Protein chains: 2
Amino acid sequence: MIKSRLSLDEYEKGVTGGDRVILSRAITLIESTLVKDQELGSQLLDRLLPHTGNSVRIGITGIPGVGKSTFIESFGGMLTPDNKVAVLAIDPSSEKTRGSILGDKTRMTELSRNPNAYIRPSPTATNLGGVASRTREVMLLCEAAGFNIILIETVGVGQSETVVKGMVDFFLLLMIAGAGDEMQGIKKGIVEMADTIAINKDDAADSSSVQQAREAYQQALHILNSDNTTWTPKVVTCSGLTGGGMEDIWAIIQKYVQERKNNGQFEAYRAEQHLKWMHESISSLLKADFYSNPKILKALPKLEQAIQNGKKHPIQAARELIALFRKG
Amino acid sequence: MIKSRLSLDEYEKGVTGGDRVILSRAITLIESTLVKDQELGSQLLDRLLPHTGNSVRIGITGIPGVGKSTFIESFGGMLTPDNKVAVLAIDPSSEKTRGSILGDKTRMTELSRNPNAYIRPSPTATNLGGVASRTREVMLLCEAAGFNIILIETVGVGQSETVVKGMVDFFLLLMIAGAGDEMQGIKKGIVEMADTIAINKDDAADSSSVQQAREAYQQALHILNSDNTTWTPKVVTCSGLTGGGMEDIWAIIQKYVQERKNNGQFEAYRAEQHLKWMHESISSLLKADFYSNPKILKALPKLEQAIQNGKKHPIQAARELIALFRKG
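Throughout, residues of each chain are indexed from 1 in the direction in which the sequence is written. Chains carry letters and ligands carry numbers; both start at the beginning, A for chains and 1 for ligands, and go up in the order they are written. Local features in this predicted model are restricted to residues whose pLDDT is 70 or higher, and side-chain atom pairs enter the listing and the counts only when it is 80 or higher, whereas totals over whole chains, interfaces and linings include all residues. The side-chain values count all of the structure's non-hydrogen atoms but skip hydrogen atoms and water molecules.

Before going further, it helps to examine the overall build of chain A. Counting from the N terminus, the helices are DSSP H or I runs at least four residues long and the strands are E runs at least two residues long. On a plain count of helices and strands, chain A comes out with 13 helices and seven strands. Categorising residues by exposure relies on relative accessible area from a 1.4 Å probe, with only protein chains included: less than 20% of the type maximum marks a residue as buried, more than 50% marks it as exposed, and the intermediate range marks it as partly exposed. Put simply, chain A has 328 residues, and 52% of those count as buried. A separation threshold of at least 6 residues defines the contact pool for chain A, and within that pool the share at least 24 residues apart is 74%. As displayed, chain A offers around 14,500 Å² of accessible surface, 51% of which is attributable to carbon and sulfur atoms. Residue contacts are defined here by distance: any two heavy atoms, one from each residue, within 4.5 Å place the two residues in contact. Note that accessible areas follow from Shrake-Rupley with a 1.4 Å probe, and for residues the cover is restricted to the protein chains shown.

Locating Ser 160 of chain A in the fold gives a position in helix α7 (residues 160-165). In this structure the C-alpha to C-alpha distance between Ser 160 of chain A and Ile 190 of chain A, which are 30 residues apart in sequence, comes to 10.0 Å.

Turning our eyes to something else, we now look at the pattern of salt bridges. Should their charged atoms come close, side chains of opposite charge can pair. Residue and element names in this part refer to chain A. For salt bridges, the criterion is a side-chain nitrogen of Lys or Arg within 4 Å of an Asp or Glu carboxyl oxygen. For the structure shown, the criterion picks out 26 salt bridges over all chains. Between Arg 120 and Glu 31 there is a salt bridge; the shortest N-O distance is 3.3 Å. With Arg 120 in the loop between β3 (117-119) and α6 (128-144) and Glu 31 in helix α2 (residues 20-31), the pair connects residues that are 89 residues apart, well separated along the chain. A cluster of three or more residues bridged by salt bridges with shared partners is formed by Asp 9, Glu 12 and Arg 47.

Here the focus is the sheet that holds strand β2 (residues 85-90) of chain A. Sheet strands associate in pairs through backbone hydrogen bonding, adopting either a parallel or an antiparallel arrangement. All names here are of chain A. Taken together, the seven strands give an open sheet; going across it, the order is β3-β2-β4-β1-β5-β6-β7, and neighbouring strands pair in parallel fashion. Looking at which strands have only one partner, the edges of the open sheet turn out to be β3 and β7 (234-237). Put simply, the sheet's adjacent strands are angled 25° from each other on average, direction ignored. In this analysis, strands are considered paired if DSSP registers two or more bridges between them. Looking at chain direction, strand β1 (residues 56-62) and strand β4 (residues 149-155) are connected through seven bridges and run parallel. Pairing of Thr 61 across the sheet is with Thr 154, part of β4. For helices, the axis comes from a line fit to the C-alpha atoms of the stretch in contact; other axes are also lines fit to C-alpha atoms, and the angle between any two N-to-C directions lies between 0 and 180 degrees.

To continue, consider helix α13 (residues 314-327) of chain A. Residues three or four positions apart in an α-helix share a direction because the helix packs 3.6 residues into each turn. Residues and elements named next belong to chain A. To estimate how far a helix should reach, multiply one less than its number of residues by 1.5 Å. With 14 residues, α13 should cover 20 Å at 1.5 Å per step; its first-to-last C-alpha distance of 20 Å lies within 8% of that length. Buried within α13 are the following residues: Pro 314, Ile 315, Ala 317, Ala 318, Leu 321 and Ile 322. Axial view of α13: buried residues confined to an arc of 160°, hence all on one face. This arc is taken over the directions from the axis of the helix to the C-beta atoms.

Moving on: the sheet that holds strand β2 (residues 85-90) of chain B. All names here are of chain B. With respect to topology, seven strands assemble into an open sheet ordered β3-β2-β4-β1-β5-β6-β7, the strand pairing being parallel. In this open sheet, the two edge strands, each paired with only one partner strand, are β3 (117-119) and β7 (234-237). Ignoring which end each strand starts from, the neighbouring axes of this sheet average 25° apart. Where strand β6 (residues 196-200) and β7 come together, four bridges link them in parallel fashion. By the bridge assignment, Ala 198 is partnered in β7 with Val 236.

Bringing the packing of aromatic side chains into the picture now. All names here are of chain A. Pairs were defined over the aromatic rings of Phe, Tyr and Trp, the Trp ring being its six-membered one, requiring ring centres within 6.5 Å. Orientation was assigned from the angle between planes: stacked under 30 degrees, edge-to-face over 60, tilted for the rest. By the definition in use, this model includes 13 aromatic pairs over all chains. Pairing Phe 290 with Tyr 291 gives two aromatic rings, centres 4.9 Å apart and planes at 85°, and the pair type is edge-to-face. Of the residues examined, Phe 290 reaches a relative accessible area of 0% and is grouped as buried. Members of the aromatic cluster, connected to one another through ring pairs, are Phe 71, Phe 75 and Trp 250.

Residues and elements named next belong to chain A. You can see Asn 83 is positioned in the loop between α4 (68-79) and β2. You can call Asn 83 buried: its relative accessible area is 14%. Placed 64 residues apart in sequence, Asn 83 and Phe 147 show a C-alpha to C-alpha distance of 7.5 Å.

Turning our eyes to something else, we now look at the side chain of Glu 137 of chain B. If you trace the backbone, Glu 137 of chain B turns up in helix α6 (residues 128-144). No salt bridge is formed by the buried Glu 137 of chain B. Its closest oppositely charged neighbour is Arg 319 of chain A, at 5.2 Å. Positive charges come from Lys and Arg, negative ones from Asp and Glu, while His and the chain ends are left out of the count.

Residues and elements named next belong to chain B. Here helix α3 (residues 35-48) is 14 residues long and its end C-alpha atoms lie 20 Å apart, about the 20 Å a rise of 1.5 Å per residue gives. Of all the positions in α3, only Asp 37, Leu 40, Gly 41, Leu 44, Leu 45 and Leu 48 are classed as buried. Looking straight down α3, one finds its buried side chains confined to an arc of 145°; they lie on one side. The outward face of α3, more than 90 degrees from its buried face, is lined by the exposed residues Val 35 and Lys 36.

Attention now goes to the packing of helix α11 (residues 265-291) of chain A against helix α11 (residues 265-291) of chain B. The N-to-C vectors of α11 of chain A and α11 of chain B enclose an angle of 110°; their axes lie 10 Å apart at closest approach. Comparing the axis directions of α11 of chain A and α11 of chain B gives the class roughly perpendicular. The way α11 of chain A lies across α11 of chain B gives a crossing that is right-handed. Along the contact surface, α11 of chain A presents His 279, Ile 282, Ser 283, Leu 286, Lys 287, Phe 290 and Tyr 291 of chain A, while α11 of chain B presents His 279, Ile 282, Ser 283, Leu 286, Lys 287, Phe 290 and Tyr 291 of chain B. Gly is put with the polar residues, along with every residue not named as nonpolar or charged; the nonpolar set is Ala, Val, Leu, Ile, Met, Phe, Trp, Tyr, Cys and Pro, and the charged set is Asp, Glu, Lys and Arg. A breakdown of the residues in the contact of α11 of chain A with α11 of chain B according to their chemical character gives eight nonpolar, four polar and two charged. Relative orientations are named as follows: roughly parallel for angles under 35 degrees, roughly antiparallel for angles over 145 degrees, roughly perpendicular for angles from 65 to 115 degrees, and oblique for any other angle. By convention the crossing between two helices is left-handed if the near helix lies anticlockwise of the far one by an angle smaller than a right angle, and right-handed if it lies clockwise.

So, on to the pairing of β6 of chain B. All names here are of chain B. Burial within β6 is extensive, with five of its five residues counted as buried. In β6, alternate side chains face the same way, and those of Thr 196, Ala 198 and Asn 200 on one face and Ile 197 and Ile 199 on the other are all buried. By the bridge criterion, five bridges tie strand β5 (residues 170-176) to β6 in an arrangement that is parallel. When the sheet's bridge partners are listed, Leu 173 is paired in β6 with Ile 197.

Residues and elements named next belong to chain A. Confidence scores here are pLDDT values: one per residue, from the predictor, ranging 0 to 100. Averaged over all residues, the pLDDT of chain A equals 84, while 84% of them reach at least 70. With pLDDT under 50 throughout, residues 94-102 is counted as low confidence; its partners more than four residues away or in other chains account for 33 contacts. Predicted as a complex, the structure gets a pTM of 0.67 and an ipTM equal to 0.73.

The subject of this paragraph is the side chain of Thr 28 of chain B. Looking at the secondary structure, you find Thr 28 of chain B in helix α2 (residues 20-31). Separated by 2.9 Å, the side chain of Thr 28 of chain B and the backbone oxygen of Ser 24 of chain B make a polar contact. Side-chain atoms alone can form a polar contact between residues adjacent in sequence; in general such a contact is a pair of N or O atoms within 3.5 Å, and within protein one must be able to donate a hydrogen while the other accepts it.

In structure tokens:
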């Protein structure tokens, strides 16, 4: 991917100086699977860490068709006069090339040309854990480059929301009204993660269905909200197309961040995320060693097949593979 | 724990012969952390595996105070004339000795004296993953000993429900009516896992509040249910104290199992669970190696402290620990 590497100093200077071309190259370095790139990437991260952590990290999710790109185009545009906004994505579907969010920058034509915005497509990786750990690191690079608002987009259909929830300060769920069963297509548990639900496309749907949806979600949040925090999740309506509601959403997020900074929950939550981050990093480094082992790569498919056919028990299969790994 | 080990043959014969004393000793063997016990336990499991898998595995959860033990006492008692019932527990609180479910068999006095029932308290372990993998193995031992219904109890306040959900065929959530906000105290996401919600203590609460609760849960399940299965979660009322509703719940479970066996979902779901089981086993074997390493044990607390104080970044801490581990 990288034709010629820069020096560590060049990367560091470029990123902290806000040079977008070097930022992109640094991200490509971080995402590289080459051992040499990874070593250089680690050193670069070490140097950049003192410049990270100063952004508001916002997760945005919603099913396909809810209008995420239009929303981000509009929301990001509203933010940029006063802020530097980076847009990243965690896309569980990219690993199977079932189409990728943010794969096409033309979906956000305005924002991609905006000098205060930076859009980075989802990295491809063989597992969600890998994508997640890289997205976290890309987030750090963007922070070091001076972006003070990070938007992390994900598709609301899988495990990826839990992953995003674990790396952001605020979690926004986009929904649409009038789709019959209001929660249809929304994966279990996602509604309850939301710090705010925004019903998008309120320009398109008739206002009674929007109000109906709003009440249904408000009710669901009320029923399901049981966190020990002082924050009550909000339900608002908006339109990515017209820009309606964008400032309200930003006001909610600012209020949320301010409240939590005042009562210490903001820092406490980040510290908690960081502890998990360390253990997850350990876990993924251990697994990376295991699943990249040539012997394991060779033996695994047959054992998986045997398990699905009921010919091998999972405990036995795991033990066999671990024994193989220890020998190697 | 084990004063004198039996031979592999003695364990095998005892367990498959349904000898409860030997079953208990075999479980203690499986739960032992001694290397020698673990080796023998592995060999025993290998021998017993052909006799496993023939039970209906039922997860039961609910917040403290919902009446889980009284429910299980009653439900298990109703089942035992025709079935052999084993009751296990996954208790995330046991690791911190914050009190343990099933720690006291006297909570189920009738069932603990019932010749067709077997109650096993929650194992203690340093992590939920460890507890889970042992509970799975204990479940296999019980199946090999001829128990055809396995009830796995857990407290509905943490991560343990996801773990239980991943090892059972049917997931029952116990609730009570009239506690103000109907979902209060129920952790996010648990309601949506339920194949059936049973509102317990319908003898104690007034009937209008029971009906109100039932409708609220039915509504919540309707809103949140988005699985691709053909099953619609049921909401019923019952009383562990009087035994009311127990037969209805069992009829629902039997219908569920029958339907899913007919359409192939039962076996497909188990195969899916087994694949995850293998990868989880691999993961926990890898982590066990890591977190039991003396160097790691020594270095970890300081690094965790440094992360919480913001003095060390999680990525750096993880890398330091992995480097230490590889050296060892």
